[in-house]
Amino acid sequence: MGIVHGRAGAGNVGRREILEAREYEIGEDGGNMLVLLNSNYEELSREAARIVAGAVRSKPNATLGLATGSTTVGMYKELVRLHQVEGLDFSRVVTFNLDEYLGLAPKHPQSFHCFMTENFFSHVNVAARNIHIPDGTIGGDYEEYCAAYERAIYEAGGIDVQILGIGRNGHIGFNEPTSSFGSRTRLKVLTSETIEDNRKFFGPGEEMPECAITMGIGTILEAKKILLLATGEAKAETVAEAIEGPITASVTASCLQLHPDVTFVIDEAAGARLKQRGYYRRVMEMTARFTPNRLS
Ligand code: GLP
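Read on for an overview of the structure. (Residues numbered from 1 in each chain as written. Predicted model: local features only at pLDDT ≥ 70, side-chain atom pairs only at ≥ 80, totals over all residues. Heavy atoms only, no water.)

1. Digging into the nonpolar core
In this structure, Leu79, Phe120 and Leu256 are the most contacted members of the largest nonpolar core, which totals 70 residues. Leaving out residues up to four positions away in the same chain, Leu79 has contacts with Ala49, Val52, Ala53, Leu88, Phe90 and Phe120. In terms of nonpolar packing, the next biggest core, distinct from the first, is built from 9 residues, Leu104, Phe112, Leu190 and Phe202 among them. (Core = buried A, V, L, I, M, F, W, Y, C linked by side-chain atoms within 4.5 Å. Buried < 20%, exposed > 50% of the residue type's maximum accessible area, 1.4 Å probe, protein only. Contact = heavy atoms within 4.5 Å.)

2. Considering the sheet that holds strand β5 (residues 131–132)
If you trace the 7 strands from one edge of the open sheet to the other, you get β1-β10-β9-β6-β2-β3-β5, paired in parallel fashion. The sheet terminates laterally at β1 (32–38) and β5, the two strands that pair on one side only. As judged from the 5 bridges shared by strand β9 (residues 225–230) and strand β10 (residues 261–267), these two strands associate in the parallel manner. Bridge pairing links Ile226 to Val262 in β10. (Pairing = 2+ DSSP bridges. Helix = DSSP H or I, 4+ residues; strand = E, 2+ residues; numbered from the N terminus.)

3. A word on helix α2 (residues 41–58)
The first and last C-alpha atoms of α2 sit 26 Å apart over 18 residues, in line with the 26 Å expected at 1.5 Å per residue. Capping of α2 at its N-terminal end is provided by Asn40; its side-chain oxygen lies 3.2 Å from the backbone amide nitrogen of Glu42. (Expected span 1.5 Å × (residues − 1). Polar contact = N/O pair within 3.5 Å; in protein donor to acceptor, adjacent residues only side chain to side chain.)

4. With respect to the site of the ligand
The environment of the ligand is made up of Thr68, Gly69, Ser70, Thr71, Asp99, Gly165, Ile166, His171, Gly173, Phe174, Asn198 and Lys235. Measuring from an oxygen atom of the ligand, one finds a side-chain N or O atom of His171 at 2.8 Å. Interatomic distance of 2.6 Å between a side-chain N/O atom of Lys235 and an oxygen atom of the ligand. Per-class residue counts for the shell around the ligand are 2 nonpolar, 8 polar and 2 charged. (Near = heavy atom within 4 Å. Nonpolar A, V, L, I, M, F, W, Y, C, P; charged D, E, K, R; others polar.)

Here it is as structure tokens:
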């Protein structure tokens, strides 16, 4: 299948116009942060898929911001099931992936292109022309390429639902610690921690990319709705820092505390270091009672 690499849409829209057009749309409940504590990975995957499916049903031409990483696999599997069994229709959906390793061709087995094809796109009916993933093989004018990716997001009407995972060091996309909260899609140098974490996916002796193209924190924060998925105890510390710690570029996921419609969809193990677990459960119950739309 052909995949568009986000070159499309290089119109002459100015940066200021883009920023002005991307004001937050705060929901009827005024905007808030929710923590959905699930008992295990299967449940969190179903919950995340349910929310994405709800967004697609209510807006069939929704723009989805997509993430890779092992955490998202279960959610994609459930979305594929909903497509195949319940006819969930992605034919008008537009997608933008967060990131791609620099230097990896789309066919490279460890590329995020390949991940998306294997886990999602080859099983559902997203139109090839509506798929955007940064091209890891571009050489030359990276700034122009990244600006065109931003313009394509703008021309698609902005991102309706942005899916995120989280790195052990608190990164979202490949926005490593100390990334600017105003950053846009750009070339990013990976930290040695991220390189080590992801080396296991590459063969012995195979060179691991040291850079990536990633949407910026500023790009992510302009999504209308954000879901962050996290599973397992290895993420517990960083999840607690992101949700309950200070807002700091040292844990870039903590920027989500500034967003008016963010939901952390996590399991018990990933939430084990949260101090306010009991409170989040009560908030969930009250939300289900008073503002159930916030959970859809
Ligand atoms: C990579 C991706 C992130 C993802 C992270 C966590 O660094 N760029 O978007 O969140 O991996 O991956 P995993 O879910 O495998 O822990």
